[in-house]
Amino acid sequence: MPKANIVEKRARMSKRDIIKYQILTHSFINSVSYSQAEIDCLTLLGVCGEIDLSEFCNYVVDENIFKVSQTARNFLTKAEKMNIIEKKGTSRKKIRLKQDLKIQTTGNIVLDFKFLYVDTQES
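Undergrad: How would you summarise the nonpolar core if you had to cite specific residues and measurements?
TA: With 27 residues, the main nonpolar core has Phe-56, Leu-76 and Ile-85 as its most contacted residues. At the level of elements, α1 (15–29), α2 (36–48), α3 (53–62), α4 (69–81) and β3 (94–97) are the ones that each hand at least two residues to this core. Beyond its immediate sequence surroundings of up to four residues, Ile-85 is in contact with Leu-42, Leu-45, Leu-76, Ala-79, Glu-80, Ile-95, Arg-96, Leu-97 and Lys-98.

Undergrad: Can you tell me about the pattern of salt bridges, naming the residues and giving the values?
TA: The tally for this structure, following the rule as stated, stands at nine salt bridges. Close ionic contact of Lys-20 with Asp-40 constitutes a salt bridge, the shortest N to O distance being 3.3 Å. With a gap of 20 residues between them, Lys-20 in helix α1 and Asp-40 in helix α2 connect regions that are remote in the sequence. Owing to a relative accessible area of 24%, Lys-20 belongs among the partly exposed residues under this scheme. Between Lys-78 and Glu-38 there is a salt bridge, and its shortest N-O distance comes to 3.1 Å.

Undergrad: Lay out α3 in plain terms, naming residues and giving numbers.
TA: Taken together, the buried positions of α3 are Leu-53, Phe-56, Cys-57 and Val-60. Along the axis of α3, the buried positions cluster into a sector of 100 degrees, meaning they face one direction only. Structurally, α3 contributes buried residues whose contacts are with α2, β1 (51–52), α4 and β3. At the N-terminal end of α3, a side-chain oxygen is found 3.2 Å from the backbone nitrogen of Ser-54, two or three residues along, and the residue is Asp-52. Positioned one or two residues after α3, Asn-64 has a phi angle of 60 degrees, which is positive.

Undergrad: An account of α2 is requested, with residue identities and associated values reported.
TA: Every α-helical turn comprises 3.6 residues, leaving residues that sit three or four positions apart pointing alike. With 13 residues, α2 extends 18 Å from end C-alpha to end C-alpha; this agrees with the ideal 18 Å at 1.5 Å per step. Residues of α2 that are buried include every one of Glu-38, Ile-39, Cys-41, Leu-42, Thr-43, Leu-44, Leu-45 and Gly-46, and no others. Residues of α2 that are buried sit in contact with α1, β1, α3, α4, β2 (85–88) and β3. After α2 finishes, the residue Gly-49 shows a positive phi value of roughly 75 degrees.

Undergrad: Kindly report on the sheet that holds β3, identifying the contributing residues and their values.
TA: Pairing is antiparallel across the open sheet formed by three strands, whose spatial order is β1-β3-β2. The outermost strands of the open sheet, each flanked by one partner alone, are β1 and β2. Relative to β3, β2 runs antiparallel, the two sharing four bridges. Bridge assignment links Lys-88 to a residue of β3, and that residue is Lys-94. Running at roughly 105 degrees to β3, α2 makes contact with β1, β2 and β3 of the sheet.

The rules we used
Once a new chain begins, its residue numbering starts again from 1 and follows that chain's sequence as written. Reporting in this predicted model follows two pLDDT cut-offs: at least 70 for local features of residues, and 80 or more for side-chain atom pairs to be given and counted; totals over whole chains, interfaces and linings ignore these cut-offs and use all residues. Remark: hydrogens and water are excluded; side-chain values derive from all non-hydrogen atoms of the structure. Think of a nonpolar core as a cluster: buried Ala, Val, Leu, Ile, Met, Phe, Trp, Tyr and Cys residues, connected wherever their side-chain atoms sit within 4.5 Å. Whether a residue is buried, partly exposed or exposed follows from its accessible area with a 1.4 Å probe, protein chains only, as a fraction of its type maximum: under 20%, in between, or over 50%, in that order. A run of H or I in DSSP counts as a helix once it spans at least four residues, and a run of E counts as a strand once it spans at least two, with each numbered from the N terminus. In this analysis, two residues are considered to be in contact whenever any of their non-hydrogen atoms come within 4.5 Å of each other. Every case where a carboxyl oxygen of Asp or Glu lies within 4 Å of a side-chain nitrogen of Lys or Arg is listed as a salt bridge. Here, the arc refers to the directions that run from the helix axis to the C-beta atoms. Any pair of nitrogen or oxygen atoms within 3.5 Å is treated as a polar contact; in protein, a donor-acceptor pairing is required on top of that, and neighbouring residues in sequence qualify only through side-chain atoms on both sides. Between the first and last residue of a helix there are one fewer steps than residues, each counted as 1.5 Å, and that sum is the expected span. A pair of strands counts as paired when DSSP detects no fewer than two bridges linking them. Helix axes use the C-alpha atoms of the stretch in contact, all axes being lines fitted to C-alpha atoms, and the angles between their N-to-C directions lie in the range 0 to 180 degrees.

In structure tokens form, the structure reads like this:
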């Protein structure tokens, strides 16, 4: 049986950081690139949960993620087309991270990712 190098890391994170880590991991695995502001916007949405679109866009500006709420709206439209967020309600006024992403945002969160690389050149 081939030997494997196993690395175990444990860290305690803030709620924002653990949500951000999940978003970064999702984007890495799916080869999707986001700007730092876009990652921060998605992280904040994860922290907020389901929220009114206008309220969230103003919150993003208050947090200095984007300078104007229209930029936040433009990104959220792009994120919806990329199946990262979902809009719902009349005129799709409520937004949240897409449930299919399985990004944990509530309660105690323990992440247990297992990534594997198999070296086929091993002798």
